[in-house]
Amino acid sequence: MKGTTMLLGCALFAASLGIGNAQAQTTLRMTWYSDGNEGEVMSDLLRRFEGQNKDIKVVLDQVPFKAINENLPVQLAAGQGPDLARVADLGGVARYMLDLRPHLKDPAYFETNFGPFLEWMRVPGDTTSIPGFMTQLTLTGPFVNKTLFEQANVPMPGPKATWEEWAAAAKNVAAKVQAPFPIAIDRSGHRFFSLAITQGAKLFNEKGEPAVVDEGFKRGAQLVFDWHKNGVMSKELWGSVAGTAYRGANDEFKNAQVVMYESGSWQIGQFDKTIGDAFDWVAVPTPCGPANCSGMPGGAALVAIKTTQHPKEVARLMEYLASEPVAAEFYERSLFVPGHLGIAKKGLEYKSASPQGKAALKVFNEGVSQLSPVATKLQGYVHNRVIFNAVISRLGQAIAGEASLDEAYQRIEADVQQQIAERTKK
């Protein structure tokens, strides 16, 4: 008995020193999507984190963007989500996010560097939670195939040019070089509102409630509708899918089929890699409307999920990834506009970017100062996905000839009211 007690005591002492049994390891699952190379960059950073934190293993589940928008919310609603996820519909999944504040060593660091963006991740009435951090700040804006302009011998419109001036120039170029897409705009609510807000769309009434269809909104919708009728835009993009489905034109742009492509800053890394020196591509400032020259802000955040069984370990991982040196490396290698105020103020060198990529990043960084308050309010609105989906679905029906614009406007207003009511019912 005495020998057994001695053996047990030795075993406990050895365990306290980490001798013998391997250290228990916690596995965290992170759901992730990529626009460019950021999945590769994140994998590198996670391997480094695991090297410094032997008790944590991180499994990176890489999925398409569609799965993040459509499948992940269903999983979260069923309580079957991952420990962390990279999400773009911040307001839509805010209710499923975990407040990491009690587990963070330095909550003030997050408030100082991510403060304005934390508001995008919070449910109404919440002013303190820290669910995660921005993996990038995005801004909508156009990319232009400069080579096609040169081949057509057509001058590019200047920095303060209007949407109408760009449409005329792009159509002229496309006709001369037989490009099938004069202007392509992602079939996306963000991209549509980058146009509508320049036309004066206000989107909210005096009480802060959605009032989507106003005169500015109608001007933007009419432009897109008319462009599909007169050949500036092709139904092959907006008409190739139905409902709320997203459709980008990045493949068409990198294959030199598009003169001007309204997309956003997250495409820079991909274009820098896939286009190479095939043609000269440039980012240009958002075209102007009667109200302003504003793009739409956005971005994706890495957030903790409430159902995690390991909040302390999630917080450790989040603090590592959000730390200034690690976040700066992530933004720089991914060619992203930083969603970190301290890093944005200092600036990044983007050493891996081509001259075209660096020039494009400069244009988008400068575009942040042009943002309309309406655009930032819409991005922070908890039900913005309802608005985006209603507009894409109903405007798409009008473009396809299944409804008139007036019918689309009525249906948009009805959809927004109904879906917000369903979301907010007790």
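Residues numbered from 1 in each chain as written. Predicted model: local features only at pLDDT ≥ 70, side-chain atom pairs only at ≥ 80, totals over all residues. Heavy atoms only, no water.

Trainee: I'd like a description of the overall build of the protein, backed by residues and values.
Mentor: Within the protein, the regular secondary structure consists of 19 helices and eight strands. Here the protein has a C-alpha radius of gyration of 24 Å; the compact-globule value for 426 residues is 22 Å, and the two agree. Across its three principal axes, the protein shows a C-alpha extent of roughly 95 × 55 × 35 Å. In the protein, buried positions account for 55% of the 426 residues. In the protein, 74% of the contacts between residues at least 6 apart in sequence involve partners at least 24 apart. Summed over its atoms, the accessible surface of the protein is roughly 18900 Å², and 52% of this surface lies on carbon and sulfur atoms. (Helix = DSSP H or I, 4+ residues; strand = E, 2+ residues; numbered from the N terminus. Rg over C-alpha atoms; globule rule 2.2 N^0.38 Å. Buried < 20%, exposed > 50% of the residue type's maximum accessible area, 1.4 Å probe, protein only. Contact = heavy atoms within 4.5 Å. Areas by Shrake-Rupley, 256 points an atom, 1.4 Å probe, with all protein chains shown as cover.)

Trainee: Tell me about the pattern of salt bridges, and name the residues and values.
Mentor: Scanning all chains against the criterion turns up 17 salt bridges. Residue Glu 111 is joined to Arg 101 by a salt bridge in which the shortest nitrogen-to-oxygen separation is 2.4 Å. Residue Glu 111 is found in helix α5 (residues 107-118), and its partner Arg 101 is found in the loop between α4 (90-93) and α5; the two are separated by 10 residues along the sequence. Look at Glu 111 and you get partly exposed, because its relative accessible area is 37%. The residue Glu 366 makes a salt bridge to Lys 362 at a minimum N-O spacing of 2.6 Å. (Salt bridge = Lys/Arg side-chain N within 4 Å of Asp/Glu carboxyl O.)

Trainee: An account of the environment of Phe 117 is requested, with residue identities and associated values reported.
Mentor: Its location among the elements puts Phe 117 in helix α5. When the C-alpha positions of Phe 117 and Pro 287 are compared, they lie 25 Å apart, and in sequence the two are 170 residues distant. Beyond its immediate chain neighbours, meaning those up to four positions away, Phe 117 contacts Met 134, Leu 137, Gly 339, His 340 and Leu 341.

Trainee: Give a description of the packing of aromatic side chains that names residues and reports values.
Mentor: Given two aromatic rings, their pairing is described by the distance between the two centres and the angle made by the two planes. Tallied over the entire structure, the rule returns 28 aromatic pairs. Between Phe 143 and Phe 253, the aromatic rings sit 6.3 Å apart at their centres with planes inclined by 50 degrees, giving tilted as the arrangement. Of this pair, Phe 143 sits in strand β4 (residues 132-145) while Phe 253 sits in helix α11 (residues 250-254), placing them 110 residues apart in sequence. A relative accessible area of 0% places Phe 253 in the buried class. Residues Phe 192 and Phe 193 carry aromatic rings whose centres are separated by 5.3 Å and whose planes lie at 70 degrees to one another, so their mutual orientation is edge-to-face. For the pair formed by Phe 192 and Phe 193, the shared burial category is buried. Among the aromatic residues, those joined into a ring-pair cluster are Phe 143, Phe 253, Tyr 261, Phe 271, Phe 279, Trp 281 and Phe 364. Taking NZ or CZ as reference, Arg 86 lies 4.7 Å from the ring centre of Trp 32, over its face. (Phe/Tyr/Trp six-rings, centres within 6.5 Å; stacked < 30°, edge-to-face > 60°. Lys NZ or Arg CZ within 6 Å of the ring centre and 35° of its normal.)

Trainee: Can you lay out the side chain of Ser 188 for me, pointing to particular residues and giving the numbers?
Mentor: In this fold, Ser 188 is placed in the loop between β5 (181-185) and α8 (189-196). A distance of 3.1 Å separates polar atoms of two side chains, one belonging to Ser 188 and the other to Arg 191. In this view, Ser 188 contacts Tyr 246 and Ile 392; residues no more than four positions away in its chain are not counted. (Polar contact = N/O pair within 3.5 Å; in protein donor to acceptor, adjacent residues only side chain to side chain.)

Trainee: Outline α5, supporting the account with residue identities and numerical values.
Mentor: It helps to recall that an α-helix has 3.6 residues per turn; residues three or four apart then point in one direction. The terminal C-alpha atoms of α5 lie 12 Å apart, and with 12 residues this falls more than 12% below the ideal 16 Å at 1.5 Å per residue. Burial in α5 covers these residues: Pro 107, Tyr 109, Phe 110, Asn 113, Phe 114, Gly 115, Phe 117 and Leu 118. (Expected span 1.5 Å × (residues − 1).)

Trainee: Break down the nonpolar core for me, citing the residues and quoting the values.
Mentor: One finds Met 30, Phe 193, Val 212, Phe 217 and Leu 321 to be the most contacted residues of the largest nonpolar core, which totals 138 residues. The leading source of residues in this core is helix α18 (residues 384-399), at nine residues. Leaving out residues up to four positions away in the same chain, Val 212 has contacts with Phe 193, Leu 203, Phe 217, Ile 387, Val 391, Ile 412, Glu 413 and Val 416. (Core = buried A, V, L, I, M, F, W, Y, C linked by side-chain atoms within 4.5 Å.)

Trainee: Lay out the state of the cysteines with the relevant residues and their values.
Mentor: One way to say it: the disulfide is the covalent bond shared by the sulfur atoms of two cysteines. A full pass over the atoms with the stated rule returns one disulfide. Sulfur-sulfur distance for the disulfide between Cys 288 and Cys 293 comes to 1.9 Å. Here the S-S torsion is close to 95 degrees, and the disulfide linking Cys 288 with Cys 293 is therefore right-handed. The class for Cys 293 is buried, based on a relative accessible area of 17%. (Disulfide = S-S within 2.5 Å.)

Trainee: An account of the packing of helix α9 (residues 215-230) against helix α19 (residues 405-424) is requested, with residue identities and associated values reported.
Mentor: Packing of α9 against α19 leaves a shortest axis separation of 11 Å and a crossing angle of 130 degrees. Between α9 and α19, the angle falls in the class oblique. As for how α9 packs across α19, the hand of that crossing is right-handed. Where α9 abuts α19, its residues Phe 217, Lys 218, Ala 221, Gln 222 and Phe 225 lie against Leu 405, Tyr 409 and Ile 412. The residue makeup of the contact of α9 with α19, split by class, is six nonpolar, one polar and one charged. (Axes fitted to C-alpha atoms, helices over the stretch in contact; angles between N-to-C directions. Parallel < 35°, antiparallel > 145°, perpendicular 65-115°, else oblique. Left-handed = near helix turned anticlockwise from the far one by under 90°. Nonpolar A, V, L, I, M, F, W, Y, C, P; charged D, E, K, R; others polar.)

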